[in-house]
Amino acid sequence: MVKRCVWGNCKSDTRYPDRVVGVVFYPFPKPKTNLQKCQLWIRLCGRPQQRLNTNTISKNTYVCSKHFINGAPTDEFPDPLDALDEKNTPKSPPKKKQRCEPTETINESTEIIVADNTTVVCEADLNPYNSVDPMAGVGVLAVRQSKSTSIEDSLRMTAYIQSEEIKHLKKQLSELQYISLTPELINNSSIANYFEFCTGFTFDMFNHLCTFLKVPSDSITPQTEIPLTYRKETWHTKKMPFRNQFLLVLMKLRNNYDMKDLAFKFQIDVKSVNLIFNAWINYLYLRLGQISVWPHRDVINVHMPDNFKKEFPTTFAILDCTELKLERPTSLPLPGQSISDCKSSHTLKGLVACDPRGSVLFVSTLYAGSISDKDIFRQCNIASLLYNLVQVGYLNPGDALMADKGFQNEEDIKEIGLCLNIPPLAKGKEQRTTKMTKHRANVKRAIGKIKKFKIVSDKIPTATLSKINQIWFVVSMLTNFQPHVLSQ
């Protein structure tokens, strides 16, 4: 079988015996067994791609011993030299010979390499008094130059191997598959309370919420179908477990992560993140809206704080309004309407009602920031809700609501059959005002819990206005699944 070397322009060929004297042929690495090494040798051989590639490598492809540092592949230098490196390519001999003065005596038989590539052997007598051969100095210099070249080649080859290893590691790093976030992965984090930081809930409370939402409460239970409608289905919306989808939504609500950030964390595309978030907001809005969050007055009375019960025994709800920061609207009529008198900036305004211990009983839709507390009470449906509660016996005629002095709605509330406790404007009643201020702080705390969901406490972009009422309602109702403000 004919053996030919495929390295660069090497002429080693067993058909010409004079070319292969003392030459050993080493088989080329095979693509099927060692693709990486095979590709490396192909590059080092430096031949055109169409002549030498992984498809042309066979069992009869060889590299001869001339192109290895040690004459053969070793553990230290397992690969051939780079054929594209000019230093490794044979050069034509120089035209002129260089003369050198003799420097030292050769006491042994030394192989001398002269400039014309001819080999001369100098025999020096062991007697130190013998005359010195004039050509001895030339031989010594040539030997030293040969050793220096060998060291340079060794260092160059080491540097090349290290550079190849760096390239290989960079490639592995770029191909590394990041692990998608799961509830269990976050819960097992070494950072204390990291799950609660990401979602606003403990891991156990998250599992209870999953049960309430008809989602598997662990990673083992097979997921069941839920009334979740995507505007458009993708591969990720079909394959991503519902527990992970709910985790994504909570992380967006709690920390207002950017959609691209969430796409990276969960290893899905940005389009699927938007589809999942919008579908879950609609589902949560409907599911949480089915809960009767305003309990009977007897239930409120049982859980009412003692000092509140002592001072305001017939007051069963506390009202207040809050404002959310809004980006400047682009439409012409709206900018003036959204400027708040209190904040002097563009805001959205909503009404919140809570019980004496801070549980959210009612949240209105959001209105332009210029609306007054009195008008927002009349425009939202809380008046009709209170009327129905009185009719079904959840509230008794004569029961009271507590609010600040901005709610000048005594007449509206009297028509329902209830009373309104607001701070008195007359002097001499500072003690009662102080007591009311102390208890009205509970609704401020309840609003503070809602605004810990950064999706409503950060400045709201105008692109989110189509979904902001659903988001506002969802985060408000989710606070009822957290500990009450008075127990914190």
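Presented here is a report on the structure given in the accompanying data block. (Residues numbered from 1 in each chain as written. Predicted model: local features only at pLDDT ≥ 70, side-chain atom pairs only at ≥ 80, totals over all residues. Heavy atoms only, no water.)

### Notes on the pairing of strand 6 (residues 347–354)
Regular strands have side chains that alternate between both faces of the sheet.
Thinking step 1. Counted residue by residue, strand 6 has 8 buried out of 8 residues, so it is predominantly covered.
Thinking step 2. Across the two faces of strand 6 the burial is the same, with Thr347, Lys349, Leu351 and Ala353 and Leu348, Gly350, Val352 and Cys354 all buried.
Thinking step 3. Both strand 5 (residues 315–325) and strand 6 contribute to a ladder of 8 bridges, which runs antiparallel. Across the sheet, the residue bridging to Leu324 is Leu348, located in strand 6.
Thinking step 4. As paired elements, strand 6 and strand 8 (residues 367–368) share 2 bridges and run antiparallel to each other. Paired with Lys349 across the bridge in strand 8 is Tyr367.
Thinking step 5. As paired elements, strand 6 and strand 7 (residues 360–363) share 3 bridges and run antiparallel to each other. Bridge pairing in strand 7 places Cys354 opposite Val360.
Thinking step 6. The turn joining strand 6 and strand 7, which pair antiparallel and follow one another in sequence, is formed by 5 residues; a positive phi near 100° is taken by Gly358. (Buried < 20%, exposed > 50% of the residue type's maximum accessible area, 1.4 Å probe, protein only. Helix = DSSP H or I, 4+ residues; strand = E, 2+ residues; numbered from the N terminus. Pairing = 2+ DSSP bridges.)

### Points about the packing of aromatic side chains
Thinking step 1. As enumerated under the stated definition, the model contains 13 aromatic pairs in all.
Thinking step 2. Their ring planes at 85° and their centres at 5.7 Å tell us that Trp280 and Tyr283 sit as a pair that is edge-to-face. With a gap of 3 residues between them, Trp280 and Tyr283 both fall in helix 9 (residues 270–289), about one helical turn apart.
Thinking step 3. Feature note: the residues Phe195, Phe203, Phe206, Phe246, Trp280 and Tyr283 constitute an aromatic cluster, connected by ring pairs.
Thinking step 4. The side chain of Arg287 reaches across the aromatic face of Phe212, ending 4.3 Å from its centre. (Phe/Tyr/Trp six-rings, centres within 6.5 Å; stacked < 30°, edge-to-face > 60°. Lys NZ or Arg CZ within 6 Å of the ring centre and 35° of its normal.)

### Digging into the packing of helix 5 (residues 203–212) against helix 7 (residues 242–255)
Thinking step 1. Look at helix 5 against helix 7: their axes get within 11 Å of each other, and the N-to-C directions meet at 115°. Viewed along their axes, helix 5 and helix 7 form a crossing whose handedness is right-handed. Judged by residue contacts, Phe203, Phe206, Asn207, Leu209 and Cys210 of helix 5 engage Arg243, Phe246, Leu247 and Leu250 from helix 7.
Thinking step 2. Its residues assigned to classes, the contact of helix 5 with helix 7 shows 7 nonpolar, 1 polar and 1 charged. (Axes fitted to C-alpha atoms, helices over the stretch in contact; angles between N-to-C directions. Left-handed = near helix turned anticlockwise from the far one by under 90°. Contact = heavy atoms within 4.5 Å. Nonpolar A, V, L, I, M, F, W, Y, C, P; charged D, E, K, R; others polar.)

### Considering the pairing of strand 5
Thinking step 1. Taken across its 11 residues, strand 5 has 10 buried, putting it largely inside the fold.
Thinking step 2. Across 3 bridges, strand 5 lies against strand 9 (residues 400–402) in parallel orientation. Across the sheet, Ala317 pairs through a bridge with Leu401, a residue of strand 9.

### Some details on the side chain of Glu323
Thinking step 1. Mapped onto the elements of the fold, Glu323 is located in strand 5.
Thinking step 2. No salt bridge is formed by the buried Glu323; its nearest oppositely charged neighbour, Lys349, is found at 4.9 Å.
Thinking step 3. A polar contact is formed between the side chain of Glu323 and the side chain of Thr347, at a distance of 2.7 Å. (Lys, Arg positive; Asp, Glu negative; His and termini not counted. Salt bridge = Lys/Arg side-chain N within 4 Å of Asp/Glu carboxyl O. Polar contact = N/O pair within 3.5 Å; in protein donor to acceptor, adjacent residues only side chain to side chain.)

### Brief notes about the state of the cysteines
Thinking step 1. Using the criterion set out here, one finds 0 disulfides in the structure.
Thinking step 2. With no disulfide partner, Cys10 has as its closest neighbouring cysteine sulfur the one in Cys64, 3.7 Å distant. (Disulfide = S-S within 2.5 Å.)

### Focus: the nonpolar core
Thinking step 1. Counting 96 residues, the largest nonpolar core has Leu253, Trp280 and Leu386 as the members making the most contacts within it.
Thinking step 2. The element contributing the most residues to this core is helix 9, with 9 residues.
Thinking step 3. Not counting residues up to four positions away in its chain, the partners in contact with Trp280 are Leu213, Val215, Ile226, Leu228, Phe242, Gln245, Phe246 and Val249.
Thinking step 4. Listed in part, the 19 residues of the second largest apolar core include Phe28, Cys45, Tyr62 and Phe68. (Core = buried A, V, L, I, M, F, W, Y, C linked by side-chain atoms within 4.5 Å.)

### Thoughts on unusual backbone geometry
Thinking step 1. Phi angles above zero are rare outside glycine, and Asn256 is one such case at about 55°.
Thinking step 2. Here Asn256 shows up in the loop between helix 7 and helix 8 (259–266).
Thinking step 3. Residues other than glycine seldom take positive phi values, yet Gln267 does so here, at roughly 55°.
Thinking step 4. Structurally, Gln267 can be placed in the loop between helix 8 and helix 9.

### Comments concerning the pattern of salt bridges
Thinking step 1. All told, the structure shown has 12 salt bridges when counted by the stated rule.
Thinking step 2. One salt bridge connects Arg43 with Glu164, and the closest N-O pair in it is separated by 3.1 Å. Here Arg43 is found in helix 1 (residues 35–45), whereas its partner Glu164 is found in helix 2 (residues 136–174), with 121 residues between them in sequence.
Thinking step 3. Its relative accessible area of 18% is what places Glu164 among the buried residues.
Thinking step 4. We note a salt bridge from Asp373 to Lys349, for which the minimum N-O separation is 2.8 Å. One end of the pair, Asp373, is in helix 13 (residues 373–379); the other, Lys349, is in strand 6, and 24 residues separate them in sequence.

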